[in-house]
Amino acid sequence: MNDLIAGFARHRPPHASMDDSADTDPGDPLAQVLAQTRRSGLGLEALVHLLQAACEQLPTGVFVKDAQGRYLFVNAAAAAVLGHSVHDVVGHTDAELLDAEAAAVLKEGDEAARAQRLPLQREEKLTSRALVCTRMAVPLEGHGVGLAGLWLDFSELRRTQDKLRHALHLLEQQQRQNEDLRQELRDQGVRDPLTGVYNQRHFDEQLRREVDLSAREHREFALVAIQVDDLEDLVARHGRQAADRCLQSLGQLLRGNTRAMDAPCRIGVDRFAVLLSGVGLATAHARMEGVRRQCEAQIVMHDGQDLRFTVSMGVASFPHTSDDLPGLLRLAEQALSEARRRGGNGVVLASIPFRPRPSATAPAI
């Protein structure tokens, strides 16, 4: 440390004075400190001891190296970075104190700082520490170009940041789980617990809303009545749980083949209904025929057994088959009954009633 300050002092311009602050270069902080030291009567050696004592108490690592890379000064924080005591560090090089990889990291930084002769800041990984090192090349009289530097240890900060990120991640997970739970609680009021489709109450509300909306906007929608074929026989042969597995499978198929604006619902033990918003009779028939085929091909596993089931469907549309809610329900039921009369496992369309146009009134003669 003495060599460092003395080297700076000896390399001041000839016109500079340490006794007169007016002649001190305002851009040279060290020169100002030395001038104030002289005016106060404090000797250079005493100043060095004060600075050294202050540096040794800093949590920031402070070090000075000579031109050969030997440490001339380190404070306790810098010695801790190197993993040695202050006494063991002074007079030694990085290659003597550290493994080859760590010494190479520091050597690279030292050479870069000496090359540009300006303060150089860079991040370095050293002995499991995340460091930001600031180095500055300094001329030492008779000793070539040395280095002065600071090590800021961000390891604890990084660990704290990692813990914070982890805590935030856990919090986000908890928030998502809470939202899923809230959605599940909301769904419990409108969904059938076994099949996951909507329940009867929600179906009635959606159907009334769709009738009002379609009547106002002059658009169509379809209503599909569905019944599982021979569910009682399935229960008799394989048990209630087996039948429930088939109902669950049907619920999954209905949810997977409908859109967010549609409403697949369970309205009885073996009865379901689907409201297809904005869909005409032909499109509804094509979609439900696809679901029927999936049901027929579906294999449901239960207690090592392969179970199969089929469904019958009746399709009516608003306003083509009926332009009022009671008539729409009645025609969908009639179409379903016809599908079951034909042996089940089929889709039947409700008939479109013939509505003759009113005849024009003959002009009076």
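To be clear, the structure that these remarks concern was listed above.
Keep in mind that this is a model prediction, so the values were computed, not measured. (Residues numbered from 1 in each chain as written. Predicted model: local features only at pLDDT ≥ 70, side-chain atom pairs only at ≥ 80, totals over all residues. Heavy atoms only, no water.)

Undergrad: Sorry if this is basic, but what is going on with the environment of Val-138 here?
TA: Relative to the assigned elements, Val-138 resides in strand β4 (residues 129-140). You can call Val-138 buried: its relative accessible area is 1%. Taking the C-alpha atoms as reference, Val-138 lies 10.0 Å from Pro-119; in sequence the two are 19 residues apart. (Helix = DSSP H or I, 4+ residues; strand = E, 2+ residues; numbered from the N terminus. Buried < 20%, exposed > 50% of the residue type's maximum accessible area, 1.4 Å probe, protein only.)

Undergrad: When you look at helix α11 (residues 240-256) in this model, what are you seeing that I'm missing?
TA: Helical periodicity: at 3.6 residues per turn, an α-helix aligns residues three or four positions apart in one direction. Between its first and last C-alpha, α11 extends 24 Å over 17 residues, near the 24 Å set by a 1.5 Å rise per residue. Taken residue by residue, α11 has Ala-242, Ala-243, Cys-246, Leu-247, Ser-249, Leu-250, Gly-251, Leu-253 and Leu-254 as its buried positions. (Expected span 1.5 Å × (residues − 1).)

Undergrad: Got a minute to help me understand the packing of helix α10 (residues 231-238) against α11 in this structure?
TA: Packed helix pairs are characterised by how far apart their axes lie and by the angle those axes make with each other. Packing of α10 against α11 brings their axes to within 7 Å, and their N-to-C directions diverge by 135°. As summarised for this structure, α10 and α11 are arranged oblique, according to the angle between their axes. Here α10 contributes Leu-231, Leu-234, Val-235 and His-238 to the contact with α11, which in turn contributes Arg-240, Ala-242, Ala-243, Cys-246 and Leu-247. Across the contact of α10 with α11, the residue classes tally to seven nonpolar, one polar and one charged. (Axes fitted to C-alpha atoms, helices over the stretch in contact; angles between N-to-C directions. Parallel < 35°, antiparallel > 145°, perpendicular 65-115°, else oblique. Contact = heavy atoms within 4.5 Å. Nonpolar A, V, L, I, M, F, W, Y, C, P; charged D, E, K, R; others polar.)

Undergrad: Help me understand the packing of aromatic side chains in this model?
TA: The geometry of an aromatic ring pair comes down to the distance between the two centres and the angle between the two planes. Taken as a whole and assessed by the stated rule, the structure comprises three aromatic pairs. Between the aromatic rings of Phe-221 and Phe-318, the centroid separation amounts to 5.3 Å while the plane-to-plane angle is 20°, which identifies the pairing as stacked. Of this pair, Phe-221 sits in strand β6 (residues 221-228) while Phe-318 sits in strand β11 (residues 311-318), and the two are 97 residues apart along the sequence. When its relative accessible area of 0% is taken as the criterion, Phe-221 is described as buried. Grouping aromatic residues by their ring pairs yields a cluster made of Phe-63, Tyr-71 and Trp-151. Directly above the ring of Tyr-198 sits Arg-191, whose terminal nitrogen or CZ lies 4.4 Å from the centroid. (Phe/Tyr/Trp six-rings, centres within 6.5 Å; stacked < 30°, edge-to-face > 60°. Lys NZ or Arg CZ within 6 Å of the ring centre and 35° of its normal.)

Undergrad: Looking at this structure, how should I read the sheet that holds strand β1 (residues 61-65)?
TA: Strand pairs in the sheet, formed through backbone hydrogen bonds, run parallel or antiparallel to each other. The five strands lie next to each other as β2-β1-β5-β4-β3, forming an open sheet whose pairing is antiparallel. On the outer flanks of this sheet lie β2 (71-74) and β3 (120-126), each paired with one strand and no other. This sheet shows a mean twist of 25° between the axes of neighbouring strands, independent of strand direction. For β1 and strand β5 (residues 144-153), the ladder comprises five bridges, and the chain directions are antiparallel. The residue of β5 that forms the bridge with Val-62 is Leu-150. Against the sheet, helix α7 (residues 100-116) contacts β1, β2, β3, β4 and β5, and its axis sits at roughly 175° relative to β3. (Pairing = 2+ DSSP bridges.)

Undergrad: When you look at the sheet that holds β11 in this model, what are you seeing that I'm missing?
TA: Read across the open sheet, the five strands follow the order β7-β8-β6-β11-β12; overall the sheet is mixed. Pairing within the sheet leaves two strands with one partner each, and these edge strands are β7 (263-266) and β12 (347-349). Across the sheet, the axes of successive neighbouring strands diverge by a mean angle of 20°, strand direction being ignored. Here β6 runs beside β11; their pairing, made up of eight bridges, is antiparallel. Bridge assignment links Ile-226 to a residue of β11, and that residue is Met-313.

Undergrad: Mind showing me how you'd approach the pattern of salt bridges here?
TA: If the charged atoms of two oppositely charged side chains come close together, the side chains can form a pair. What the rule picks out here adds up to 21 salt bridges. Its salt-bridge partner being Asp-192, residue Arg-266 comes within 3.3 Å of it at the nearest N-O pair. Of this pair, Arg-266 sits in strand β7 while Asp-192 is found in the loop between α8 (155-188) and α9 (200-217), placing the two residues 74 residues apart along the sequence. Residue classification places Arg-266 among the buried residues on the basis of a relative accessible area of 15%. A salt bridge links Arg-292 to Glu-296, with the nearest nitrogen and oxygen atoms 3.4 Å apart. On the criterion of helical spacing, the pair formed by Arg-292 and Glu-296 is a turn pair, its members being four residues apart in helix α12 (residues 281-297). A relative accessible area of 9% means that Arg-292 is categorised as buried. (Salt bridge = Lys/Arg side-chain N within 4 Å of Asp/Glu carboxyl O.)

Everything listed is a geometric property; what it means functionally is a separate question.
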